[in-house]
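# Tertiary structure, described
Residues per chain, in single letters:
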Amino acid sequence: MHTILKKRVIHLRGKQIVITALSSLLVLGTGLAISADQAKAAEKKSVVNVTFKPSDENELTDYVYNTVDPTSSQYHQYLTPSAFADKFGQSDSYIQAFQDYLAKYHVQAQAFPGNLSMKLTGTSTNLQKAFKAKYVPAKKKGYHPTTSYKLPGQLSDKVVAVIGLYSTNPNKKTKKTTKTATKAKKTTKKSATHSDTTTLSTTDTKPNIKYTGNAFSKKYGAAKFAKAYQVDDLYDQGLEGSGQRIGIINDSDVRDADMLTYWKQAGVNDDISRVHHIYTVATQAQAQADLNKSISAAQMEATLDAQSASAIAPEAQIDLYTAVQYGTKTTLTSAFYNNFMTAVSDNNDKQITTSMAPAFETKSNWPDPSASLSQYSHAFNLLLEQAAVQGITVFKASGDRGPYALSGAKENHIMSTSPYEVEVGGTTLPYQKIIDGNLISVNKERAWGDTYSRPAYDTKYSSFAGGGGGFSDINPTPRYQIGVPGVNTFRAMNYLTFKNGKYSITKNPHVITGTKTGRNLPDVAGNADPLTGYASIVSGPKYTFNPETKKATKANGILWRIDGGTSFTAPQMAAANAVMNSGRQTPIGFWNPQIYKYAQESDSPFNVLDDADFNDNLYYTGQPGKLYNQATGLGTINFNKLYNKFNNANN
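Each value, and the rule that gives it
- Residues numbered from 1 in each chain as written.
- Predicted model: local features only at pLDDT ≥ 70, side-chain atom pairs only at ≥ 80, totals over all residues.
- Heavy atoms only, no water.
- Helix = DSSP H or I, 4+ residues; strand = E, 2+ residues; numbered from the N terminus.
- Buried < 20%, exposed > 50% of the residue type's maximum accessible area, 1.4 Å probe, protein only.
- Contact = heavy atoms within 4.5 Å.
- Areas by Shrake-Rupley, 256 points an atom, 1.4 Å probe, with all protein chains shown as cover.
- Core = buried A, V, L, I, M, F, W, Y, C linked by side-chain atoms within 4.5 Å.
- Pairing = 2+ DSSP bridges.
- Phe/Tyr/Trp six-rings, centres within 6.5 Å; stacked < 30°, edge-to-face > 60°.
- Lys NZ or Arg CZ within 6 Å of the ring centre and 35° of its normal.
- Axes fitted to C-alpha atoms, helices over the stretch in contact; angles between N-to-C directions.
- Parallel < 35°, antiparallel > 145°, perpendicular 65-115°, else oblique.
- Left-handed = near helix turned anticlockwise from the far one by under 90°.
- Polar contact = N/O pair within 3.5 Å; in protein donor to acceptor, adjacent residues only side chain to side chain.
- Expected span 1.5 Å × (residues − 1).
- Salt bridge = Lys/Arg side-chain N within 4 Å of Asp/Glu carboxyl O.
- Patch = residues over 30% accessible without salt bridge, like charges linked within 9 Å, V, L, I, M, F, W, Y side chains within 5 Å.
- Lys, Arg positive; Asp, Glu negative; His and termini not counted.
- Charge placed at Lys NZ, Arg CZ, Asp CG, Glu CD.

## Observations regarding the overall build of the chain
Assigned secondary structure in the chain consists of 18 helices and 32 strands. Here the chain, with 651 residues, has 61% of them falling under the buried criterion. In the chain, of all internal contacts separated by at least 6 residues, the share reaching a separation of at least 24 is 77%. Working note: accessible area of the chain is about 25600 Å², and carbon and sulfur atoms make up 49% of it.

Shown next as structure tokens:
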């Protein structure tokens with residue numbers, strides 16, 4: 001799919017916007033193609049990442065679990081990146097040898113604190129020479145070509161993955177790049193591309209901005225989340241995230257003006273100095289140039305993440321890690337890994353969240369040229385283990401297409417399904433609305449899987465949404481899930497049928513039950529349905545394409561919208577963690593072993609959504625009487641109870 005452009009039209013707030021989907025990359029709206037001068041400049045920089053083996057991987061994994069085991073002497077004995085390097089990272093001499101070797105090829109090599117990975121910066125030509133890179137054609141139809149490489153033996157023995165190294169096809173003829181800016185309708189792969197775990201909502205609902213302050217927040221924002229999941233009980237204790245920092249992994253910059261507008265509308269602390277922009281691949285100037293081309297899906301995603309997190313934890317600092325590729329020749333997979341590794345090794349944020357992803361966890365669609373899917377997954381798991389050892393809790397949106405992140409496949413998920421992060425699924429809060437002349441009633445909170453309220457337009461274009469969940473094919477069942485009732489068993493309904501390139505509602509769905517192994521996801525869930533969703537605002541240039549004149553017109557716009565998706569819920573969870581951490585002496589750290597233990601106790605802080613009927617994520621349903629369900633994980637959270645559980649862990 002990476003070589004084929006697919007176009008579809010989405011009605012968003014009454015505007016018709018063309019989305020060009022390139023594998024997992026989304027380009028929203030239209031913009032100018034890269035000029036010859038820009039293409040020439042892009043040759044100057046490429047970022048490649050190398051991940052190293054830890055000194056003892058089994059010991060590292062045990063240490064991860066011990067940091068959150070009250071019976072262990074290593075309980076809450078979190079390490080700094082420097083201490084991590086001494087205990088688990090590669091030696092300084094090995095790092096220096098790597099740097100010396102690459103310097104011969106004019107490649108700059110910078111080890112991330114922790115000595116678990118390295119960022120390489122250089123021209124594509126020099127990187128290819130250093131690694132003796134060679135182009136390898138795709139061996140199967142539908143697969144991507146790859147790049148082989150070689151390193152001296154003393155360096156290669158400790159390498160887990162080389163990410164983002166590519167070599168072009170020597171037999172492929174390249175077309176001359178035109179200096180004339182291509183019009184919007186001709187935008188191609190050369191346009192700035194961005195990753196996003198979700199597809200934009202098709203709702204055309206706008207928030208009523210006559211509501212302000214707490215009234216707006218209750219209807220569209222933080223107060224709504226806080227009431228539903230008892231974060232307001234923590235506010236009553238004076239906990240609002242003071243002293244905490246939240247790291248948000250983006251691949252677009254965010255406009256400070258949009259943050260201020262949202263905060264003032266919602267009555268949130270509007271001190272813009274609490275927002276910090278960290279640029280990890282492209283420069284600040286390149287990132288802002290990309291931002292100024294047009295409102296993009298990535299900008300919308302990055303902005304709503306920042307607005308959601310900052311509103312739930314109004315006293316926390318917000319660190320926006322931005323890995324824009326514009327102006328470079330860095331692959332998306334490399335940019336994403338580099339961005340995340342920077343946040344972890346900076347060690348400033350004890351909660352990190354992302355709603356972005358570089359690709360799907362499927363071999364045939366895996367795009368990185370030099371790191372296989374299994375190698376990349378291994379590298380990413382090690383990155384997250386370093387985070388856990390440092391006391392960082394990582395949250396990730398599970399996706400918004402149920403188990404069907406990639407259309408047509410039986411089950412697939414968005415990178416990554418790592419057991420070392422909190423996978424956040426989606427629910428629907430109770431509501432009653434008339435949609436397309438039909439009265440739709442949801443009487444109690446349920447798993448988000450919407451085949452029942454879709455208007456005719458959505459069903460025609462196969463627009464069905466639900467929280468990501470199911471089983472990972474590349475990560476085994478983690479030790480904290482083994483033995484939990486509901487894990488590795490499932491109940492499902494084939495509500496959707498895939499045929500002729502799209503999903504349609506199955507006329508006579510039937511129950512499917514069975515067993516399966518692998519990391520079960522999600523871990524927890526919260527409101528993510530656009531029909532019970534949240535407001536956000538984004539501004540910037542936007543294009544309107546006239547199909548009759550075949551011309552696009554550009555204008556500056558301000559877009560208020562009500563949307564949903566697990567990309568709202570994940571940053572909200574991270575912010576709730578910051579609120580809890582603001583009342584503690586030591587960070588909560590790696591959630592998962594702790595929350596699966598609490599879920600099995602009599603005073604569980606989770607509301608299990610185990611109903612079999614009208615409680616699905618487009619496929620997986622609840623399992624009556626089971627603590628875990630693949631549609632919603634352990635369920636929704638009472639954060640006040642969870643806070644007390646974390647605080648009383650030693651007792």
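## Thoughts on the nonpolar core
Counting 109 residues, the largest nonpolar core has Ile246, Phe340, Met580, Trp591, Ile595, Phe639 and Leu642 as the members making the most contacts within it. Top contributing element to this core by residue count: helix α14 (residues 373-389), with 10 residues. Apart from residues lying up to four places away in sequence, Met580 is in contact with Leu234, Ile588, Trp591, Phe639, Leu642, Tyr643 and Phe646.

## Things to note about the pairing of strand β5 (residues 108-111)
One ladder, built from 4 bridges, connects β5 with strand β6 (residues 117-122); its direction is antiparallel. Along β6, the bridge assignment pairs Gln110 with Lys119. In textbook terms, the turn of a hairpin is the stretch between consecutive antiparallel strands, and for β5 and β6 this stretch comprises 5 residues, one of which, Gly114, has a positive phi near 115°.

## Some remarks on the packing of aromatic side chains
Within this structure, the stated rule accounts for 38 aromatic pairs. Here the aromatic rings of Tyr619 and Tyr620 are separated by 4.8 Å at their centres, their planes lie at 80°, and the arrangement is edge-to-face. Neither residue differs from the other here; Tyr619 and Tyr620 are each classed as buried. Here a set of aromatic residues connected by ring pairs shows up, and it is made of Phe225, Tyr229, Phe395, Trp591, Tyr598, Phe639 and Phe646. Its guanidinium or amino end placed over the ring of Tyr431, Lys433 lies 5.6 Å from that ring's centre, counting from NZ or CZ. The positively charged end of Arg446 is found above the aromatic ring belonging to Phe614, 4.4 Å away from the centroid.

## Some details on the packing of helix α13 (residues 332-346) against α14
Viewed as axis vectors pointing N to C, α13 and α14 meet at an angle of 15°, and their least axial separation amounts to 9 Å. By the angle class used here, α13 and α14 are roughly parallel. The element α13 and its partner α14 pack so that their crossing is left-handed. Residues Thr333, Phe336, Tyr337, Phe340, Met341, Val344 and Ser345 of α13 lie in contact with α14, whose contacting residues are Tyr376, Ala379, Phe380, Leu383, Leu384, Gln386 and Ala387.

## Observations concerning helix α2 (residues 57-66)
Looking only at α2, the buried set comprises Leu60, Thr61, Tyr63, Val64 and Tyr65. Each element contacted by the buried residues of α2 is listed here: α3 (81-87), α14 and α17 (591-599). Of the residues flanking the start of α2, the one acting as N-cap is Asp56, its side-chain oxygen 3.2 Å from the backbone nitrogen of Asn58.

## Section: α14
The end-to-end C-alpha distance of α14 is 24 Å, a good match for the 24 Å that 17 residues give at a rise of 1.5 Å each. Burial within α14 is extensive, with 14 of its 17 residues counted as buried. Where α14 ends, the next residue or the one after it, Gly391, has phi of about 85°, a positive value.

## Observations concerning the sheet that holds β5
Read from one edge to the other, the open sheet built from 4 strands follows the order β5-β6-β4-β9, with strand pairing classed as antiparallel. The outermost strands of the open sheet, each flanked by one partner alone, are β5 and β9 (159-163). The mean angle between the axes of side-by-side strands here comes to 20°, regardless of whether they run parallel or antiparallel. In this sheet, β9 lies alongside strand β4 (residues 46-52) in antiparallel orientation, the contact comprising 4 bridges. By the bridge assignment for β9, Phe52 is matched with Val159. Relative to β9, α14 is tilted by about 110°, and along the sheet it contacts β4 and β9.

## Notes on the pattern of salt bridges
Within the structure shown, the criterion is met by 15 salt bridges. The shortest N-O distance in the salt bridge between Arg519 and Asp523 comes to 2.8 Å. Of the two residues examined, Arg519 and Asp523, each falls in the buried class. Across the pair Lys597 and Glu601 runs a salt bridge whose closest N-O atoms are separated by 3.0 Å. With a relative accessible area of 26%, Glu601 lands in the partly exposed category.

## Re the pairing of strand β13 (residues 317-322)
A large share of β13 lies buried, amounting to 5 of its 6 residues. One ladder, built from 6 bridges, connects strand β11 (residues 245-250) with β13; its direction is parallel. Within β13, the position partnered with Ile248 by the bridge is Leu320. Where strand β12 (residues 275-279) and β13 come together, 5 bridges link them in parallel fashion. Paired with Val275 across the two strands is Ile318, which belongs to β13.

## Points about the environment of Thr353
Tracing the chain through its elements places Thr353 in strand β14 (residues 351-354). Counting along the chain gives 222 residues from Thr353 to Ala575, while the straight-line C-alpha distance between them is 9.0 Å. Once you skip the residues sitting within four places of it in the chain, Thr353 turns out to touch Gly247, Ile248, Ile249, Phe395, Ala570, Pro571 and Ala574.

## Concerning a negative patch on the surface
A contiguous patch of negative charge, built from Glu240, Asp270, Asp271 and Glu315, is present on the exposed surface. Summarising the element assignment, Asp270 is placed in the loop between α10 (256-266) and β12.

## Concerning the environment of Val268
The topology assignment puts Val268 in the loop between α10 and β12. C-alpha separation for the pair Val268 and Ala222, spaced 46 residues apart in sequence, amounts to 9.2 Å.

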